[in-house]
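Analysis of the macromolecular model
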Amino acid sequence: MTLQKNSKSIYVTRPLLPSLSKITKRLEAVWKSGQVTNNGDAHKQLKEQLKQYLEVENLSLFANGTMALIAGIKSLNLTGEVITTPFTFPATVEALEWNGLTPVFCDIEPRSLTIDVSKIEALITDKTSAILAVHVFGNPCDVEALDRIAKKHNVKVIYDGAHAFGMYVNGKPIGQYGDMTMFSFHATKLFQTIEGGALTYRSQSTEETLSQIKNFGLNDDGEVVLNGLNGKLNEMQAVVGIETLLLVPEERKKRQQIKEWYEQQLLSVPGIRILTLAEESYSSYQYFAIEIDENIYGMSRDALLEELAKENIFARKYFYPLCSSFRWYRDLLSAKTEQLPYANAAVKRVLVLPFYGDLAQEDIFRICNILKESCHAQVGERL
Ligand SMILES: *Cc1c(COP(=O)(O)O)cnc(C)c1O
C-alpha cells in the first residue's frame, strides 16, 4: 500500500465531546449521591433542559434511540400494519418488528428522500394502524400532509427524528409534529450522550406508560402492569448530555460554515446534487449528503467511494441497504423493486461526506478536489 502525502484518515463524523474535566466534576456529585441510574438528578436536569431546547411539553429519556422507538410504538398499542419508508436505518423498521407489527413499504420522494405522501393512501388498509416516517438527513417530511392523512384515516403518525435534533418546520419545533418523535443521542449524532435517546409526544398521559415500559413494566406500587424492558438512560449518560448540550450552538455554527464551503465547491459539479435542503436556521446540521448521477458525473457512487478511500477519506453509503431488501421482508408485496423505484435509485446514489465542526477547511477542499477531479462529465455538459 502506498502512503499518500495527506494520509491522515478522515471519517464521516467525530463525536462532539465536552472536556473530560467538566465530566469528572459532575460525576463526583453523582458518586457522592450513590444514585447512578433510575431517574437521578442528572437525568432529571437533562430532561428539563431538553424540553426547553426542543420546545416540547412532553419528553422521556431512553438508553438509546432504538429503545425509545420500540417503547414509543408499544405505548401507542398499535396492531397490524405500519406504513414506513425503506430508505432508513435498520433501527426504524426493527422497532416495528419488536412490536410484532408488519411494515408496509412506501416509496420516497426523490428530492427530499422522505416518504412520498402522495403514495401513502393507496397503501392504507383496514389493518393499518400508523405511519412511521423519517426526517432523512434533516430534510423534514411533509408533516402537514401526514397530519391530514392520519386524521382522515384515523391512524397515528410517528417520526424517526434521529437526524432532526433542533430542527424547525414552518417555524414550529419538529418535536411538536405527529403523535410522537424519536431522537437519537448516539455518539455519531450532533447532540450525543455516547448512547442515548428520547421521545417527544403529544399526549401527557403517555408519560406514565413510557416510564413503565422502560422500567420492566413496573408501576409506582411495584406491580408489573405491562410487558416492559430496561430502557433507562443512566447518570453517566445524562452528565455527558448536560455538558454536550452546552456545546451545541457553537457546533452548529461551525457546521454551518462547513456546509457553505462544501456548497461553494460542489454546487457547480455536474452530476452532483446536494441533498441537505433545509434553510440555515432550520437545519439540523446532522449530515452533509450528496447524490451522484452516474450518467452525468461519469463515475458511479461506489467507484467514487473507492477514490476517496484511496486518499484515506471514508465517506459512507447511507442508508444502505434498503430495509425492504432484508431477507425477512423482501417477499412482501410492498418490498418489490417495482414498487419502490426512487428508494432503489437512492440506495445506489447517495453518499454522506465527512461533516463535523472540527473538520479543517483544507480537508474539505481536499475532499472537494477529489470529487471534482473524479467527475468525467462531457465538456459540453460542464457549463
Ligand atoms: C442513529 C439512528 C437510529 C438509531 O439510534 P440509536 O440511538 O443508535 O439507537 C435510528 N434511526 C436513524 C435514522 C438513525 O440515524
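These remarks concern the structure in this document. (Residues numbered from 1 in each chain as written. Predicted model: local features only at pLDDT ≥ 70, side-chain atom pairs only at ≥ 80, totals over all residues. Heavy atoms only, no water.)

A word on helix α11 (residues 361–373)
The terminal C-alpha atoms of α11, which comprises 13 residues, lie 18 Å apart, in line with the 18 Å expected from a rise of 1.5 Å per residue. Three or more residues of α11 are buried, namely Asp363, Ile364, Arg366, Ile367, Cys368, Ile370 and Leu371. (Helix = DSSP H or I, 4+ residues; strand = E, 2+ residues; numbered from the N terminus. Expected span 1.5 Å × (residues − 1). Buried < 20%, exposed > 50% of the residue type's maximum accessible area, 1.4 Å probe, protein only.)

Remarks on the packing of helix α1 (residues 20–33) against helix α7 (residues 235–266)
Contact geometry for α1 and α7: axes closest at 10 Å, N-to-C directions at 140°. With respect to their mutual orientation, α1 and α7 come out oblique. Crossing angle aside, the handedness with which α1 passes α7 is right-handed. For the pair formed by α1 and α7, the contact residues are Lys22, Ile23, Arg26, Leu27, Val30 and Trp31 on the first element and Glu235, Met236, Val239, Val240, Ile242 and Glu243 on the second. Classifying every residue of the contact of α1 with α7 gives eight nonpolar, no polar and four charged. (Axes fitted to C-alpha atoms, helices over the stretch in contact; angles between N-to-C directions. Parallel < 35°, antiparallel > 145°, perpendicular 65-115°, else oblique. Left-handed = near helix turned anticlockwise from the far one by under 90°. Contact = heavy atoms within 4.5 Å. Nonpolar A, V, L, I, M, F, W, Y, C, P; charged D, E, K, R; others polar.)

Here's the deal with the site of the ligand
Around the ligand sit 14 residues, and of these Thr66, Asp160, His163, Ser184 and Lys189 come closest. At 2.6 Å, a side-chain N or O of Thr66 approaches an oxygen atom of the ligand. With respect to the ligand, the side chain of Ser184 contributes an N or O atom lying 2.7 Å from an oxygen atom. Calculation on the ligand without its partners gives an accessible area of 380 Å², and the protein chains cover 94% of this total. For the shell around the ligand, the secondary-structure elements that each account for two or more residues are α3 (65–75) and β9 (180–184). A breakdown of the residues in the shell around the ligand according to their chemical character gives five nonpolar, seven polar and two charged. (Near = heavy atom within 4 Å. Polar contact = N/O pair within 3.5 Å; in protein donor to acceptor, adjacent residues only side chain to side chain. Areas by Shrake-Rupley, 256 points an atom, 1.4 Å probe, with all protein chains shown as cover.)

Quick look at a negative patch on the surface
A cluster of like negative charges, contributed by Glu208, Asp220, Asp221 and Glu223, occupies part of the molecular surface. Along the chain, Asp221 falls in the loop between α6 (206–213) and α7. (Patch = residues over 30% accessible without salt bridge, like charges linked within 9 Å, V, L, I, M, F, W, Y side chains within 5 Å. Salt bridge = Lys/Arg side-chain N within 4 Å of Asp/Glu carboxyl O. Lys, Arg positive; Asp, Glu negative; His and termini not counted. Charge placed at Lys NZ, Arg CZ, Asp CG, Glu CD.)

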